[in-house]
Amino acid sequence: MRTGADDFGEPTAHTLILGIGNILWADEGFGVRVVEEIHRRFSLPAGVSVMDGGTQGLYLVQYVKAVRRLLVFDAIDYGAEPGTLRVVRDGEVPTFMGCRKLSLHQTGFQDVLAAASLLGGGPESAALVGVQAERLDDWGGSLTETVRGRIEPAIGLGLEILREWGVEAIPRQAADGEGLLLGHDIDLAGYERRPILAERR
Amino acid sequence: MTIQTPNGFKLDSAGRRVVVDPVTRIEGHLRLEVNLDDRNVIRNAVSTGTMWRGIELILKDRDPRDAWAFVQRICGVCTGTHALTSVRAVEDALAIKIPENANSIRNIMQLALQVHDHLVHFYHLHALDWVDVVSALSADPKETSVLAQSISSWPLASAGYFRDLQQRLKSFVSSGQLGPFKNGYWGHPAYKLPPEANLLAVAHYLEALDFQKDIVKIHAVFGGKNPHPNWLVGGVPCAINLDGTGAVGAINMERLNLVSSIIDRCIEFTEKVYIPDLMAIASFYKDWLHGGGLSSRSVLSYGDIPEQANDYSAKNLLLPQGAIIDGKLAEVHAVDVRNPQEIQEFVTHSWYKYPDETKGLHPWEGVTEANFVMGPNFKGAKTKIESLDEGGKYSYLKAPRWKGHAMEVGPLARWIIGYAQNKPEFKEPVEATLKALDVPVTALFSTLGRTAARGLECQWAARKMKYFFDKLVANLKSGDLATANTGKWDPSSWPSDVKGVGFTEAPRGALGHWIHITQGRLANYQCIVPTTWNGSPRDPDGNIGAFEASLLDTPLADPHKPLEILRTIHSFDPCLACSTHVMSPDGETTRVTVR
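Residues numbered from 1 in each chain as written. Chains lettered and ligands numbered in written order. Predicted model: local features only at pLDDT ≥ 70, side-chain atom pairs only at ≥ 80, totals over all residues.

- Under an unreviewed UniProt entry, the name given to chain B is Uptake hydrogenase large subunit, and the organism recorded is Telmatospirillum siberiense.
- Per UniProt, chain B carries the Sequence similarities (unreviewed entry) text "Belongs to the [NiFe]/[NiFeSe] hydrogenase large subunit family."
- Under the heading Subcellular location (unreviewed entry), UniProt records this for chain B: "Cell membrane". (UniProt positions renumbered as here; feature names shortened; annotations may be inferred.)

- The name an unreviewed UniProt entry gives chain A is Hydrogenase expression/formation protein HupD, with Telmatospirillum siberiense as the organism.
- What UniProt states about chain A under its Function (unreviewed entry) heading is, verbatim, "Not known. Could be involved in the processing of hydrogenase."

In structure tokens form, the structure reads like this:
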């Protein structure tokens, strides 16, 4: 279930793996790129969904409210060395999502967690795998090499947390028919493949 | 020293400067600087987008058929509107005609977005500028029930319901996790509602939050998924088979029935919750008619919601198209988004470079070259701005103008134009609202008018969804099942050098994408988004933009808690992420940090 929703848009999962951020803003796209890669390489049991949350902010509340476990990947400003990965758990998650903002969607996400709880839902367990961004002011750029290099370790940390929750990610067989999480040339490879004039002459 | 602007406003920058940054509750960075006189009345206003726009650079040389997926990422709240504008621009360039069913489905999706955005804006982004959450804790649930039942037949209105809700709110607030309610100016003297009205509004804040998830299911049905539904150049990406079964494959009657039931609930929620709340809240703020700004002078709408497919002329658009200038409501001008003399962007006061900055450029000729320089009266450092110099360059927003005029766009602009055109479906609700509140027509040109127009439009959009749903089903039943025209899908069928324009009325106003396709690839892609119109800086003649104009002459009860500024700016439903991009996390000086 790629979107964490059934065909009518109703949240169905008990565990949500959520990447948030704006793929157009360099390292801001980290969270989405991590879940894109998880989706590309692993299949997940029924009830576990992988979602590209983009910058949907408060509009993610129904998905967050509906699950028991939430794993979030995002670029966060901890004031640490660029590329530093950090895992925070449960009660600490909203605090960290409220760190000095990189973009306002984070303020939004902290609000999403609070709004889910105000609606009488929200996850029993939550974990955030965050990376310290190196560069954000590269509009239309992609991840920096530093942050790109953290996708793999971030996936490792995420899989460990999932295992703790009893969720085993199964490596996909090649060509199992599952499409890309992000289509229409905005997947990481497509996004970075800059067509050049020479190509079409 | 007082300056008179060509568009009719008096500016005086002598008094104390107050900086508000950022002012949007969601996506985006907007900074405002105002000068106050000795009575704390705003006498000069400066609106700045502290981010850099440059979608054109990302899209250069891409496949035009994929552009919608990129522009959908510009902004978290108008995703679908950008996608729709993009596919329209490509279809315009390549002369692709879409089927009637695709037009009806796109209208339903666009109207669903309007309903969703307006509802979420009112309750979750704007209501807290009028509603004091903390005051709701001291409300009498019984009295709240009486109030609720006096304004609406909505069933969730018992004393027990409000008591439970108040209890939940109390434990939420006492747990210290204020979440969406933190940073409010609770107890501010500009809040006028009694505790019971505050509790009622908070209850509906939560109900709306729960209900909004159902509205987007319409996008999931027609766009295949949500968030980020799919769009298609040439139509819509969903096949229809009325006799089909199951939840996968082509859209069948079962799924259409789901859409129909959601539309009915949108109408019901708008009419029984949103509109009564709006009227009840407005009745306490009738004396606060600040914030009109440009709305009584110059408003613009491109129009949207085509009745028939492929005809984007004014007479075929259900949301009105037109421009009013200098407050002459009797004369609504035609608007041509292709005419190089009509829509132009200036950069005299923007952080961009043009060969000749005294002239504007039509978006088809648009260039985007950053030039981050400050005027001589600028204070601070480029990475730590203390105060800007509006005499020089001061914003990453360009200054769009229509025939040289600064224009306000958005629901209020659309409704003023519909009203001025004497269209009953716009004029009658406006007159009924003014009458119910017992305010003169001039009250329309205010912050409250902007907020009210959005509510009326939400109701209009919900009803129009039903209209297009019925039209879609009737057409399907007549045997026309076409949803896409793929006749020109192959780039080898395209002209080698062609331009196009797509426009929509986004929830927050007129949105246009101008594109240039050469050899099957995008050579130029320029967007003018609603917040660029409304948040515009000054132009070479010194005309001020809609945000700037709207703040003038507003008194602040407490300059350290500029609730009045937020109220007015939020009434535009700004989304700066659309227009711009984060400049630097250190590039902001926050004197007053608000959300």
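1. Considerations on the overall build of chain A
Working step 1: On a plain count of helices and strands, chain A comes out with 7 helices and 7 strands.
Working step 2: Starting at the N terminus and walking to the C terminus, you meet the elements of chain A as β-α-β-β-α-β-β-α-α-β-α-α-β-α.
Working step 3: Among the 201 residues that make up chain A, the fraction classed as buried is 52%. (Helix = DSSP H or I, 4+ residues; strand = E, 2+ residues; numbered from the N terminus. Buried ≥ 20, exposed ≤ 12 C-beta atoms within 10 Å, placed from the backbone.)

2. Focus: the sheet that holds strand β5 (residues 85-89) of chain A
Residues and elements named next belong to chain A.
Working step 1: Read from one edge of the open sheet, 5 strands run β3-β1-β4-β6-β5, paired in mixed fashion. The outermost strands of the open sheet, each flanked by one partner alone, are β3 (48-54) and β5. Strand-to-strand, the axes of this sheet are offset by a mean angle of 15°, without reference to chain direction.
Working step 2: Here strand β1 (residues 15-20) pairs with β3 via 6 bridges, running parallel. Bridging across to β3, Ile20 finds its partner in Gly54.
Working step 3: Of the strands in this sheet, β1, β3, β4 (69-76) and β6 (125-132) are in contact with helix α1 (residues 30-41), which crosses β1 at around 135°. (Pairing = 2+ DSSP bridges. Axes fitted to C-alpha atoms, helices over the stretch in contact; angles between N-to-C directions. Contact = placed C-beta atoms within 7 Å.)

3. What about the UniProt feature "binding site: Ni(2+)" (unreviewed entry) in chain A?
Residues and elements named next belong to chain A.
Working step 1: Within this structure's numbering, the places UniProt gives as "binding site: Ni(2+)" (unreviewed entry) are Glu28, Asp74 and His105.
Working step 2: Relative to the helices and strands, Asp74 is located in strand β4.
Working step 3: If near-sequence neighbours (up to four positions away) are discounted, Asp74 is found in contact with Ile20, Gly21, Phe30, Gly31, Leu128 and Gly130.

4. Focus: the UniProt feature "binding site: Mg(2+)" (unreviewed entry) in chain B
Residue and element names in this part refer to chain B.
Working step 1: Within this numbering scheme, the UniProt entry marks Glu56 and His581 as carrying the feature "binding site: Mg(2+)" (unreviewed entry).
Working step 2: Along the chain, Glu56 falls in helix α1 (residues 55-59).
Working step 3: Excluding its chain neighbours within four sequence positions, the residues that come into contact with Glu56 are Thr368, Asn524, Tyr525 and Gln526.

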